[in-house]
Amino acid sequence: MEKEKPILEEPIQKKHHTKKIVILTIIGIAIIISGFLLYSRYIATSGLEVKEYKITNSDIPKSMHGLKIVHISDIHYGRITFEKELKNMVQKINLTKPDLVILSGDLIDKDTKVTGEMVDQISSILKEIKTSIGKYAIKGNHDYNLRQWDFILENSGFIDLNDTYDTIYMESNEYMLLTGMSTNLYGDRALDEKLVPTNQFLESLTEESIKPSYQILVLHEPDYINQININEFDLILAGHSHNGQVRLPIIGSLFLPMGAKKYYKPYYKINQTDLYISSGIGVSSINFRLFNRPSFNLYRLTNY
């Protein structure tokens, strides 16, 4: 009588082996995703880069050849940017020995509970920024309801450039015109209305020889340049887009805010106008950055 053949356990073993592979794969994917999240939250949002650009234009006055402008934007104080990060920013700015410093909006995040101590702290830190000419700022959309805006600027030595202008002279009668525009996402003032002071000043210059040699416009949301005659400006500085706060290779920016969906990259040449958009210091909406470290721009103006 034949002995019964033993039941093969191979199918069961294969099943267990497949299950282990699936579990290990899931764990591996979870580790990779967690790693990306931790990196983009704590590493990619830290540090501060200085992006240097040479801007060449024959209209730049000879006396301003070599002028250095530091462009900061989107600090969003109170979200992940605090005293330590702000002091580091000021220290790095001062190392560049700028002639001008321009803030293109979003100093304090709209979700930050602003206290008197915080306002004093921000003011005292920003006051330490040293320039040979001056410091200017405009409001971003997060600053729109910031009641302490005037106090901070006055006590930190910044000039409020919202919907107005200033003339920048060096060692000759040649000068450049610096125009600022407040956020266009809030409020009921039209863009043309915000440019009235600048246009009235230009119209008052009857002689060609006394007109500005170079014109700069500072605004927060870059897409609004489509609603003005940008050819009147040689240089436009903006923020808001963070250059796409979270970016992926090939795919590019994953999140772009309203007001920065057409223009969001670091640089555009539109006719004869240079448009530079800062990637910003802090974060907005989500506390992550990816392939886009915090930074500020340093421009060196040259006339050849």
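This text follows the structure it describes.
Residues numbered from 1 in each chain as written. Predicted model: local features only at pLDDT ≥ 70, side-chain atom pairs only at ≥ 80, totals over all residues. Heavy atoms only, no water.

Student: Talk me through the environment of methionine 170; I want residue IDs and the actual numbers.
Tutor: Within the fold, methionine 170 resides in the loop between β6 (164-169) and β7 (175-180). Along the backbone, methionine 170 and isoleucine 93 are 77 residues apart, and their C-alpha atoms lie at a distance of 21 Å. Residue contacts for methionine 170: discarding those within four places in its chain leaves Ser63, Met64, Leu67 and Ile133. (Helix = DSSP H or I, 4+ residues; strand = E, 2+ residues; numbered from the N terminus. Contact = heavy atoms within 4.5 Å.)

Student: So, the environment of arginine 189: which residues are in play, and what are the values?
Tutor: If you trace the backbone, arginine 189 turns up in the loop between β7 and α5 (191-194). As for arginine 189 and serine 278, which are separated by 89 residues in sequence, their C-alpha atoms are 25 Å apart. In this structure, arginine 189 is in contact with Asp163 and Lys194, ignoring residues within four places of it in sequence. At 3.1 Å, the side chain of arginine 189 and the side chain of aspartate 163 are in polar contact. At a separation of 3.5 Å, a polar atom in the side chain of arginine 189 contacts the main-chain carbonyl oxygen of glutamate 193. (Polar contact = N/O pair within 3.5 Å; in protein donor to acceptor, adjacent residues only side chain to side chain.)

Student: Describe the pattern of salt bridges, naming the residues involved and giving the relevant values.
Tutor: A complete count under the given rule lists eight salt bridges for this structure. With its nearest N and O atoms 3.1 Å apart, the salt bridge here joins arginine 189 to aspartate 163. With arginine 189 in the loop between β7 and α5 and aspartate 163 in the loop between β5 (158-160) and β6, the pair connects residues that are 26 residues apart, well separated along the chain. Judged by relative accessible area, arginine 189 falls into the partly exposed class, the value being 37%. A relative accessible area of 11% places aspartate 163 in the buried class. Of the charged contacts, one joins lysine 269 and aspartate 274 as a salt bridge, the two residues approaching to 3.0 Å between their closest N and O atoms. On the basis of relative accessibility, which here comes to 45%, the residue lysine 269 falls in the partly exposed class. Each member of the salt-bridge network shares a partner with another, and the members are Arg79, Asp109, Lys110 and Asp111. (Salt bridge = Lys/Arg side-chain N within 4 Å of Asp/Glu carboxyl O. Buried < 20%, exposed > 50% of the residue type's maximum accessible area, 1.4 Å probe, protein only.)

Student: Give me the sheet that holds β7: which residues, what numbers.
Tutor: What the six strands build is an open sheet, ordered β6-β7-β8-β9-β13-β12; its pairing is mixed. Lying at the two open borders of the sheet, with one neighbouring strand each, are β6 and β12 (267-270). Across the sheet, the axes of successive neighbouring strands diverge by a mean angle of 20 degrees, strand direction being ignored. Sheet topology places β7 next to strand β8 (residues 214-218); five bridges connect them, and they run parallel. Looking at the pairing, glycine 180 lines up with valine 218 of β8. Seen against the sheet, helix α6 (residues 196-203) touches β6, β7 and β8 and runs at an angle of roughly 50 degrees to β6. (Pairing = 2+ DSSP bridges. Axes fitted to C-alpha atoms, helices over the stretch in contact; angles between N-to-C directions.)

Student: Kindly report on a nonpolar patch on the surface, identifying the contributing residues and their values.
Tutor: Taken together, the side chains of Ile250, Ile251, Leu254, Phe255 and Ile286 make up a nonpolar region of the molecular surface, amounting to roughly 550 Å² of accessible area. Within the secondary structure, leucine 254 is located in the loop between β11 (252-253) and β12. Overall, leucine 254 belongs to the partly exposed group, its relative accessible area being 40%. (Patch = residues over 30% accessible without salt bridge, like charges linked within 9 Å, V, L, I, M, F, W, Y side chains within 5 Å. Areas by Shrake-Rupley, 256 points an atom, 1.4 Å probe, with all protein chains shown as cover.)

Student: Before we move on, could you go through the pairing of strand β13 (residues 273-277) and cite the residues and values that matter?
Tutor: The element β13 is largely enclosed, with a buried count of five among its five residues. Burial along β13 is two-sided: the residues Thr273, Leu275 and Ile277 and Asp274 and Tyr276 are all buried. Strand direction decides the pairing type here: β12 and β13, joined by four bridges, are antiparallel. Looking at β13, one finds that tyrosine 268 is bridged to leucine 275. Turn length for the β12-β13 hairpin, with the two strands adjacent in sequence and antiparallel, is two residues, and the turn residue asparagine 271 shows positive phi of about 55 degrees.

Student: Residues and numbers for the sheet that holds strand β1 (residues 49-56), please.
Tutor: With respect to topology, six strands assemble into an open sheet ordered β1-β14-β2-β3-β4-β5, the strand pairing being mixed. Each having just a single partner strand, β1 and β5 make up the two edges of the open sheet. On average, adjacent strands in this sheet sit at an angle of 25 degrees to one another, irrespective of strand direction. Relative to strand β3 (residues 100-103), strand β2 (residues 68-72) runs parallel, the two sharing four bridges.

Shape descriptors only; they carry no functional weight alone.
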